[in-house]
Amino acid sequence: MSSVLSIQQLSKSYGPVKALNHISFEVPEGSVFGVLGPNGSGKTTLLGILLDVLLADRGDFQWFGGMPHQAARKQIGALLETPNFYHYLSAVQNLKINTSIKEKGTDDIDRVLQLVRLAPRKHARFNTYSLGMKQRLAIGNALLGGPKVLLLDEPTNGLDPEGIAEIRALIKSLNKEGITIIMASHLLDEVEKVCTHVAVLKQGHLLGSGPVKEVFQSEDILEVGSADNDTLKAVLSGLEGVVVHQAEDLLQVSMNGALDAAMINEYCYKNGITLTYLNLKRKSLEAQFMELTRTDDSQLR
């Protein structure tokens, strides 16, 4: 899979504060790429640099395999903050004003309104729209001209649950149309439900990047018990690919991807141990994220 964006060692400081510290990753073409991190992690700074709004202190990035930035910018739509729409004008009228500002033709307006599912309400005034509809119009504004890549900064911020669901569905729909989407978010749930790939930032440092399933690798935790847990622990500790921890009256077994609960049960039986308790638990995305960030804290000290 080719990349639409390649970032190499980007750094940016504001006085003593390092907003970005040698960030490097690639965004595959056709992906929904989440830039994930809490407030102050450097997400907005990164998007500003990618749009040539901010200058990096060092490092470089390339769009579309090295296309000149001015030409590449024409292939990129962005929503870093909500446009100033006129509340008393319709969606069509507002977009006409923005096409004039952007020096684009008006012939793309109907297509865009269809994409963001506002065609039935295109002549309704902006102040009659729900929060989700207003955000969809803002995304539609970024889609004028048919960009190949769409950059979104916290696209569901401030929306009610219905509006959040609308925007997430829209992002998936636009991606199916062939648009690569790069979105900054502090919401783990959003990344899990919408994104195919992710880069995790914390305090300007890159903690990891790649497919969501690889960055947040699923590690199974197996709770087991027997009449003699000391012997059980000794037997399991001799099995390659497991780590055994004592947890009150049970043992917790961390397994690699090559093992499963059935294999553990069979291994114990062959070694003369009958399990009286066996329960498989999976780490949540949040638990894996917290573990990742805690690991990063120890590395930064």
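Our subject is the structure listed above.
A brief structural summary.

About the thresholds
- Residues numbered from 1 in each chain as written.
- Predicted model: local features only at pLDDT ≥ 70, side-chain atom pairs only at ≥ 80, totals over all residues.
- Heavy atoms only, no water.
- Patch = residues over 30% accessible without salt bridge, like charges linked within 9 Å, V, L, I, M, F, W, Y side chains within 5 Å.
- Areas by Shrake-Rupley, 256 points an atom, 1.4 Å probe, with all protein chains shown as cover.
- Salt bridge = Lys/Arg side-chain N within 4 Å of Asp/Glu carboxyl O.
- Lys, Arg positive; Asp, Glu negative; His and termini not counted.
- Charge placed at Lys NZ, Arg CZ, Asp CG, Glu CD.
- Helix = DSSP H or I, 4+ residues; strand = E, 2+ residues; numbered from the N terminus.
- Core = buried A, V, L, I, M, F, W, Y, C linked by side-chain atoms within 4.5 Å.
- Buried < 20%, exposed > 50% of the residue type's maximum accessible area, 1.4 Å probe, protein only.
- Contact = heavy atoms within 4.5 Å.
- Polar contact = N/O pair within 3.5 Å; in protein donor to acceptor, adjacent residues only side chain to side chain.
- Axes fitted to C-alpha atoms, helices over the stretch in contact; angles between N-to-C directions.
- Parallel < 35°, antiparallel > 145°, perpendicular 65-115°, else oblique.
- Left-handed = near helix turned anticlockwise from the far one by under 90°.
- Nonpolar A, V, L, I, M, F, W, Y, C, P; charged D, E, K, R; others polar.
- Pairing = 2+ DSSP bridges.

### Things to note about a positive patch on the surface
Thinking step 1. On the surface, a cluster of positive charge is contributed by Arg73, Lys74, Lys102 and Lys104.
Thinking step 2. Checked against the element boundaries, lysine 74 lands in the loop between helix H2 (69-73) and strand S5 (76-79).

### Focus: the nonpolar core
Thinking step 1. Formed by 43 residues in total, the largest nonpolar core has its most connected members in Leu137, Ile139, Leu143, Leu150, Leu174 and Ile181.
Thinking step 2. Look past the residues within four positions of isoleucine 181 in its chain and what remains in contact with it is Ser31, Val32, Phe33, Leu150, Leu152, Ile171, Leu174 and Asn175.
Thinking step 3. Core analysis: the second largest hydrophobic core is formed by 25 residues, Phe25, Leu51, Ile76 and Ala184 among them.

### Let's talk about the side chain of aspartate 153
Thinking step 1. Here aspartate 153 lies in strand S6 (residues 149-153).
Thinking step 2. Buried within the structure, aspartate 153 lacks any salt-bridge partner; lysine 43 is the closest side chain of opposite charge, at an N-O distance of 6.3 Å.
Thinking step 3. Here threonine 44 takes part through its side chain, which lies 3.0 Å from a polar atom of the side chain of aspartate 153.
Thinking step 4. Setting aside anything within four residues of it in sequence, one finds aspartate 153 in contact with Thr44, Leu47, Leu79, Leu80 and Ala184.

### Digging into the packing of helix H5 (residues 131-143) against helix H6 (residues 161-176)
Thinking step 1. Two numbers describe how H5 lies on H6: the axes approach to 8 Å, and their chain directions differ by 25°. Between H5 and H6, the angle falls in the class roughly parallel. For the element pair H5 and H6, the recorded crossing hand is right-handed. Where H5 abuts H6, its residues Gly132, Met133, Gln135, Arg136, Ile139 and Leu143 lie against Gly163, Glu166, Ile167, Leu170 and Leu174.
Thinking step 2. Grouping the amino acids of the contact of H5 with H6 by side-chain chemistry returns 6 nonpolar, 3 polar and 2 charged.

### What about the sheet that holds strand S2 (residues 17-28)?
Thinking step 1. The 3 strands are arranged S2-S1-S4 in an open sheet whose pairing can be described as antiparallel. Two strands lie at the open edges of the sheet, namely S2 and strand S4 (58-63), each paired on one side alone. Each strand of the sheet is rotated relative to its neighbour by a mean of 15°, with strand direction disregarded.
Thinking step 2. Inspection of the sheet shows strand S1 (residues 3-14) paired to S2 by 8 bridges, in the antiparallel sense. The residue bridging leucine 5 from the neighbouring strand is valine 27, located in S2.
Thinking step 3. Against the sheet, helix H1 (residues 43-50) touches S1, S2 and S4, its axis set at about 120° to S1.

### A closer look at the sheet that holds S5
Thinking step 1. Strand order in this open sheet of 6 strands is S5-S6-S7-S3-S8-S9, and the pairing throughout is mixed. Both edges of this open sheet fall to S5 and strand S9 (205-211), since each of them pairs with a single strand only. The mean angle between the axes of side-by-side strands here comes to 15°, regardless of whether they run parallel or antiparallel.
Thinking step 2. Here S6 pairs with strand S7 (residues 180-185) via 5 bridges, running parallel. Within S7, the residue paired with leucine 151 across the bridge is isoleucine 182.
Thinking step 3. Along the sheet, H1 makes contact with strand S3 (32-36), S6, S7 and strand S8 (197-202), crossing S6 at roughly 145°.
Thinking step 4. Sheet strands in contact with H6 are S3, S6 and S7, and its direction is about 155° off that of S7.

### Considering the pattern of salt bridges
Two side chains with opposite charge may pair up if their charged atoms get near one another.
Thinking step 1. Under the definition given, this model contains 8 salt bridges.
Thinking step 2. A salt bridge links aspartate 110 to lysine 122; the nearest nitrogen and oxygen atoms lie 3.3 Å apart. In this pair, aspartate 110 is assigned in helix H4 (residues 109-115) and lysine 122 in the loop between H4 and H5, connecting sequence segments 12 residues apart.
Thinking step 3. Here lysine 122 falls in the partly exposed class, since its relative accessible area comes to 22%.
Thinking step 4. Taken together, the shared-partner salt bridges connect Arg168, Asp189, Glu190 and Lys193 into one network.

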